[in-house]
Amino acid sequence: MTQSPMARAATQFEAAFGAAPSIQVQAPGRVNLIGEHTDYNDGLVLPCAINFGTAIVARRRDDRTVRVIAADYDDAADTYSLDAPIARLEAPMWANYVRGVIDDMVRRGLPVCGMDMVIAGDVPQGAGLSSSASLSVAVCTLFATLPGFGHLTPIDLALAAQRAENDFVGCKCGNMDQISSAAGVAGHALMIDCRSLDVTPVPIPSNVAIMIFNSQVTRGLVDSEYNTRRLQCEAAARHFGVPALRDVDLAMLEARGAELDPVVLRRARHIVTDSARVADAAVALAAGDLARMGELMAASHASMRDDFEITVPAVDELVAIVKAAIGLQGGVRMTGGGFGGCVVALVPHALVDAARAAVAQHYRAPNGEQATVYVCSAAAGAGACP
Ligand code: GLA
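How each quantity is defined
- Positions within a chain are numbered from 1, following the residues in the order the chain's sequence is written.
- Confidence filtering applies because this is a predicted model: local features only for residues at pLDDT of at least 70, side-chain atom pairs given and counted only at 80 or more, and all residues used for totals across whole chains, interfaces and linings.
- Only hydrogens and water are set aside when side-chain values are computed; all heavy atoms of the structure are taken into account.
- Under this scheme, a helix contributes an axis fitted over its contacting stretch, all axes are lines through C-alpha atoms, and angles between N-to-C directions fall in the 0 to 180 degree range.
- Strands here are runs of E lasting at least two residues and helices are runs of H or I lasting at least four, both read from the DSSP assignment and numbered beginning at the N terminus.
- In these notes the angle categories are as follows: under 35 degrees is roughly parallel, over 145 is roughly antiparallel, 65 to 115 is roughly perpendicular, and the rest is oblique.
- Two helices cross in a left-handed way if the nearer one is turned anticlockwise from the farther one by less than a right angle. They cross in a right-handed way if the turn is clockwise.
- Any two residues whose heavy atoms approach within 4.5 Å at even a single point are treated as in contact.
- Polarity classes work like this: nonpolar for Ala, Val, Leu, Ile, Met, Phe, Trp, Tyr, Cys and Pro, charged for Asp, Glu, Lys and Arg, and polar for all others, with Gly in that last group.
- Throughout this description, the term nonpolar core refers to a set of buried Ala, Val, Leu, Ile, Met, Phe, Trp, Tyr and Cys residues connected via side-chain atoms within 4.5 Å.
- Only protein chains enter the area calculation, which uses a 1.4 Å probe; residues under 20% of their type maximum are buried, those over 50% are exposed, and those in between are partly exposed.
- Any residue with a non-hydrogen atom lying within 4 Å of a molecule or strand is treated as near it.
- Here a polar contact is taken to be a pair of N or O atoms separated by no more than 3.5 Å, where protein atoms must pair a possible hydrogen donor with a possible acceptor and residues adjacent in sequence count only if both atoms sit in side chains.
- What sets the accessible areas is the Shrake-Rupley method with a 1.4 Å probe; for residues, cover comes only from the shown protein chains.

Novice: Quick question: what am I supposed to make of the packing of helix α8 (residues 262–286) against helix α9 (residues 290–306) here?
Specialist: What describes two packed helices is the angle between their axes and the distance between those same axes. Two numbers describe how α8 lies on α9: the axes approach to 10 Å, and their chain directions differ by 165°. Between α8 and α9, the crossing angle belongs to the class labelled roughly antiparallel. Here α8 and α9 pass one another in a crossing that is left-handed. Counted together, Arg266, His270, Thr273, Asp274, Arg277, Asp280, Ala281, Ala284 and Leu285 of α8 and Arg292, Met293, Leu296, Ala299, Ser300, Ser303, Met304 and Asp306 of α9 form the full contact between these two elements. A breakdown of the residues in the contact of α8 with α9 according to their chemical character gives seven nonpolar, four polar and six charged.

Novice: Hey, could you run me through the nonpolar core in this one?
Specialist: Across soluble globular proteins, you tend to see nonpolar side chains buried next to one another. Grouped together as the largest cluster of nonpolar side chains are 49 residues, with contacts concentrated most on Val98, Ile102, Met117, Leu142 and Phe143. Ranked by residues supplied to this core, first place goes to helix α4 (residues 154–169) with eight residues. Grouped together as the second largest cluster of nonpolar side chains are 45 residues, Phe213, Ile321, Ala355 and Ala371 included.

Novice: Would you explain the site of the ligand in this entry?
Specialist: Arg30, Glu36, His37, Asp39, Tyr40, Cys173, Gly174, Met176, Asp177, Tyr226 and Gly337 make up every residue found near the ligand. Here an oxygen atom of the ligand sits 2.7 Å away from a polar atom, N or O, in the main chain of His37. Between the ligand and Asp39 there is a distance of 2.5 Å, counted from an oxygen atom to a side-chain nitrogen or oxygen. For the ligand, the protein covers 92% of the area, taking 300 Å² as the surface of the free molecule. Looking at the shell around the ligand, its residues break down into four nonpolar, three polar and four charged.

Novice: Please clarify how the environment of Ala189 should be interpreted in this entry.
Specialist: With respect to the helices and strands, the residue Ala189 is situated in strand β6 (residues 188–193). A relative accessible area of 0% places Ala189 in the buried class. With 102 residues separating them in the primary sequence, Ala189 and Ala87 have C-alpha atoms 36 Å apart. In contact with Ala189, other than residues within four places in its own chain, are Leu33, Leu46, Pro47, Cys48, Thr200, Pro201, Val202, Ile204 and Leu285.

Novice: I would appreciate a short explanation of the packing of helix α10 (residues 313–326) against helix α11 (residues 352–362) in the present structure.
Specialist: One way to put it is that α10 packs onto α11 with a least axis distance of 9 Å and a crossing angle of 140°. Between α10 and α11, the crossing angle belongs to the class labelled oblique. Here α10 runs over α11; the crossing is right-handed. Side by side, α10 and α11 meet where Leu318, Ile321, Val322, Ala325 and Ile326 of the first sit next to Ala354, Ala355, Ala358, Val359 and His362 of the second.

This is how it looks when you write it as structure tokens:
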């Protein structure tokens, strides 16, 4: 059996630093069930934290040096002093997520101290399951265990991680991934109001499996297209004279849509309709109404494909294959930022094998690869481990 990320990190720590770690933390990745690109429009999302995550084991140092080892990258290392400005690196990127969080904490005057740390994770990378948010939230969680940090809530940790990604790493993501990772509740999805930051746990019925299919299509255009979508959404909000598309409803869009550039109108329609679908989905999921979830997830996928234009043909095909296997008994859609990555399905446990078999038989990525399949559970959020 392969070692857990925590065990791998601990073994590596002892080998590299010659002592046992004294702090262990973990932070999960997430899968978004519905509500895509709505977070940076101040809308609603319905993700859940998953049982794949990032583990960090660490020990405080008496000096001002930070030494970080990434066990998953051939033990790549990054060493720096807290007394000098912390710079963003061209490479490796993983190091910037750690540097970004520490830089944010130093700037906020928090009592950051020197640290030896080893990081390991098992979130599939580049698949839209928030491996990077799980890393930055794990780093926040680690330092939050230190004396002098006061009581930081999961939302505080999530916002610190998001600041690091926005301001230091340079990724203009919203707040969904970090809040999911920090505030996850086992067995529950989270309805997050990305404006008020209210988090409402929504129970996932015990007969429902969360399946994730990795299309094996790398998310090539994600950064540039992500930023273009953000700008289009902001343009639409400006047109209506509101702070964000959260403040626009379908009636407003229909009444004044002709004033908008047709592409911007479609982008806005996706945001307005997908955010509304989240509210409906939270009710349907809690009631165990998988047929309704299926309708909502299908409508969300069509909206991402036709209005927001963030799907790719292979992902559309994968969604169609899973849908054919589960029929009206479950839901499936692309999840995450788009342009490849993963598809999420909510299916009764009894249909897991059928969905898996259909994908093995009928799906091939453009490069000929099969999809990888994960049957996940909804996990608790980040925290220190005893
Ligand atoms: C990425 C971003 C999130 C969110 C999703 C799309 O995962 O990091 O903030 O915008 O895309 O829903």
